[in-house]
Amino acid sequence: MPNLKDLKIRIDSVKSTQKITSAMKMVAAAKLRKAQLSAESARPYAERMETMVAALAKSFDGVDGAPELLAGNGKDEKHLIVLVSSDRGLCGGFNANIGRFARNKITELRAAGKSVKVLCLGRKGRDQVRRDFGDAILDTVEDLTKNGAQYNDANNLALRIRTMYEEGEFDVCTVIYNKFISAITQEVTPLQVIPFAVAQIEDTAKEAQDDELKALYEYEPSEEEILEDLLPRNLSVQIFRAMLESFASEQGARMAAMDNATRNAGDMINNLTLTYNRARQAAITNELIEIISGAEAL
Amino acid sequence: MSDTVLFELVSPAKLLLSEEVEMVVVPGGEGDFGVLPGHTPMLTTVRPGIIDIYENDKVVKSIFVVGGFAEVSEERCAVLAEEAIAVDELDRDNAEARLQKATDALNAAESDVAKQAAERELRAAEAMVAACDA
């Protein structure tokens, strides 16, 4: 029979855990709203940019001399993976899922004889990959999403990635991030940014394309020059978007995880209270029996 | 055909401005250009400078943009700018500090990519200082 005092302490401790998880849930819910809002307000820019890239890329279809950021350098030997994760834990399967995906991808690429480097955004993603592929990790960028995703950070990252590309440190760059589907679902999504895969965006931009690509644009200056200018910025935008989506996903995942935890804590408190009451009742019955049998003995 | 054109100013973070205007003058990569309704479709780069919005042949709004792109169609003019600040809110000290920083960055830049980025930033800062005087 568990001791009454121990049970009481146990119940109190679960109660305070529940308070923490439910507070975290509410914080995550508030942050999620904000994150969703900023993801939505970033959409117009990204969409227009995609339309422009699609329009320009079309004019380079099958033509030599397209810029390298679009067409690639013709090699497929060295891969760079940008792993977008969170700095903090307690968000359910958010980091575990993306970590698993990244590890599988690295194993797959290595098996095919390619070299792989990883750039981690967020501490937790690094922790996931470090054990098996510690040698592949180039660097970890932390505190990116402290105040929500900032375009400046994305821009700096894009600059860094481009510098590495120019120096020939990799041939193909893929961003892996959690795509925000709804508050409770995220989807691990790989997005190839260098060379930029136009096919991926064709679906989203299709409607716009049908309308607008038919109208022939005049280009000023030439297509090549615009594209030269556009592609680096497109890279920043893609990274920015991955960061925004990932941040919203993180908050959603944390909200769901904390909701679960709060509910589990509630169940646990109920069970413990039941045991506690039973134990108390048993103690009282015991005392009564003792008194009655004592009286009878007289 | 309507006698206004839909002008949209978009930054990576959000849609800053979306309104019907009579005419808008954008600092294009190859020189300023004005957009009136029925403009021929065009894609162009935007250099750092001031966008003027006209109503009744008068400038009603001036916005400083730090480079970007413009997409013009018959009834729409969308400017994608990395940064945009209303000219009234430009701060001279701020702009000069930025110019200084950009100069330093250019001197410190080693790789080609970093140099390009620093040069772009320098041009933006120069235009910003110039915009303060205007």
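Conventions we followed
Residues numbered from 1 in each chain as written. Chains lettered and ligands numbered in written order. Predicted model: local features only at pLDDT ≥ 70, side-chain atom pairs only at ≥ 80, totals over all residues. Heavy atoms only, no water. Pairing = 2+ DSSP bridges. Helix = DSSP H or I, 4+ residues; strand = E, 2+ residues; numbered from the N terminus. Axes fitted to C-alpha atoms, helices over the stretch in contact; angles between N-to-C directions. Contact = heavy atoms within 4.5 Å. Salt bridge = Lys/Arg side-chain N within 4 Å of Asp/Glu carboxyl O. Buried < 20%, exposed > 50% of the residue type's maximum accessible area, 1.4 Å probe, protein only. Buried area = accessible area lost by both parts, 1.4 Å probe. Polar contact = N/O pair within 3.5 Å; in protein donor to acceptor, adjacent residues only side chain to side chain. pLDDT = per-residue confidence, 0-100. Domains from an automatic or database assignment. Nonpolar A, V, L, I, M, F, W, Y, C, P; charged D, E, K, R; others polar. Parallel < 35°, antiparallel > 145°, perpendicular 65-115°, else oblique. Left-handed = near helix turned anticlockwise from the far one by under 90°.

What follows covers the sheet that holds strand β1 (residues 78-84) of chain A. All names here are of chain A. Pairing in this open sheet of 5 strands is mixed, and the strands run β3-β2-β1-β4-β5 from one edge to the other. On the outer flanks of this sheet lie β3 (137-141) and β5 (185-194), each paired with one strand and no other. Taking the axes of each pair of neighbouring strands and ignoring which way they run, one obtains an average angle of 20° across the sheet. The pairing of β1 with strand β2 (residues 115-121) spans 7 bridges and is parallel. The partner of V82 across the bridge, within β2, is L119. Strands β1, β2 and β3 of the sheet are contacted by helix α5 (residues 123-133), whose axis makes an angle of about 160° with β3. Seen against the sheet, helix α8 (residues 223-297) touches β1, β2, β4 (172-182) and β5 and runs at an angle of roughly 40° to β4.

Moving on, we come to the pattern of salt bridges. Taken as a whole, this structure holds 22 salt bridges over all chains when the rule is applied. Here R254(A) ties to E250(A) by a salt bridge, and the two come within 3.3 Å at their closest N and O atoms. With R254(A) and E250(A) both in helix α8 and 4 residues apart, this pair spans about one turn of that helix. This pair shows no difference in class: R254(A) is buried, exactly as E250(A) is. A salt bridge links E8(B) to R76(B), with the nearest nitrogen and oxygen atoms 3.5 Å apart. Here E8(B), found in strand β1 (residues 5-10), pairs with R76(B), found in strand β9 (residues 76-81); they are 68 residues apart in sequence, far enough to count as distant. Since its relative accessible area comes to 18%, R76(B) is described here as buried. Because the salt bridges share partners, they merge into one network encompassing R123(A), R126(A), D127(A), R130(A) and E142(A).

Residue and element names in this part refer to chain A. Here G113 lies in the loop between α4 (94-111) and β2. Taking relative accessible area as the criterion, G113 reaches 53% and is therefore assigned exposed. Through-space distance from the C-alpha of G113 to that of K78 is 9.5 Å; in sequence the pair is 35 residues apart.

Taken together, the 31 residues of chain B in the interface contact 29 residues of chain A. Of the roughly 2,800 Å² buried between chain B and chain A, counting both surfaces, carbon and sulfur atoms make up 62%. Across the chain B-chain A interface, the total number found is 3 salt bridges. A salt bridge links E8(B) to R48(A); the nearest nitrogen and oxygen atoms lie 2.8 Å apart. Summed over the shared surface of chain B and chain A, the number is 8 residue pairs in polar contact (both at pLDDT 80 or more).

The next subject is the confidence of the model for chain A. The pLDDT averaged across chain A works out to 85; a share of 91% of its residues lies at or above 70. No element of chain A has a lower mean pLDDT than helix α7 (residues 198-212) of chain A, at 52, and none a higher one than helix α1 (residues 4-41) of chain A, at 93.

The next thing to look at is the domain arrangement of chain A. Residues and elements named next belong to chain A. Domains assigned within chain A are domain 1 (4-25 + 258-292) and domain 2 (31-256). In this structure, domain 1 and domain 2 have C-alpha centres spaced 48 Å apart. For the pair domain 1 and domain 2, the summed buried area comes to about 410 Å², and 59% of that belongs to carbon and sulfur atoms. The largest per-residue losses of area from domain 1 upon contact with domain 2 belong to M24, K25 and M258, which jointly make up 83% of the total buried on that side. Viewed at the interface, domain 2 and domain 1 are joined by 0 salt bridges. The tally of links between domain 1 and domain 2 comes to 6 residue pairs in polar contact (both at pLDDT 80 or more). Mapped onto the side of domain 1 that touches domain 2, the elements with two or more residues apiece are α1 and α8. Top element by residues in the side of domain 1 that touches domain 2 is α8. It accounts for 3 residues. Counted by class, the side of domain 1 that touches domain 2 contains 2 nonpolar, 1 polar and 2 charged residues.

Let's shift gears to the packing of helix α1 (residues 92-108) of chain B against helix α2 (residues 112-133) of chain B. Residue and element names in this part refer to chain B. The N-to-C vectors of α1 and α2 enclose an angle of 155°; their axes lie 8 Å apart at closest approach. Of the possible angle classes, the one that applies to α1 and α2 is roughly antiparallel. Between α1 and α2 lies a crossing of left-handed hand. For the pair α1 and α2, the contacting residues are R92, A95, E96, R98, L99, A102, T103, A105 and L106 in the first and K115, A118, E119, E121, L122, A125, E126, M128, V129, C132 and D133 in the second. A breakdown of the residues in the contact of α1 with α2 according to their chemical character gives 11 nonpolar, 1 polar and 8 charged.

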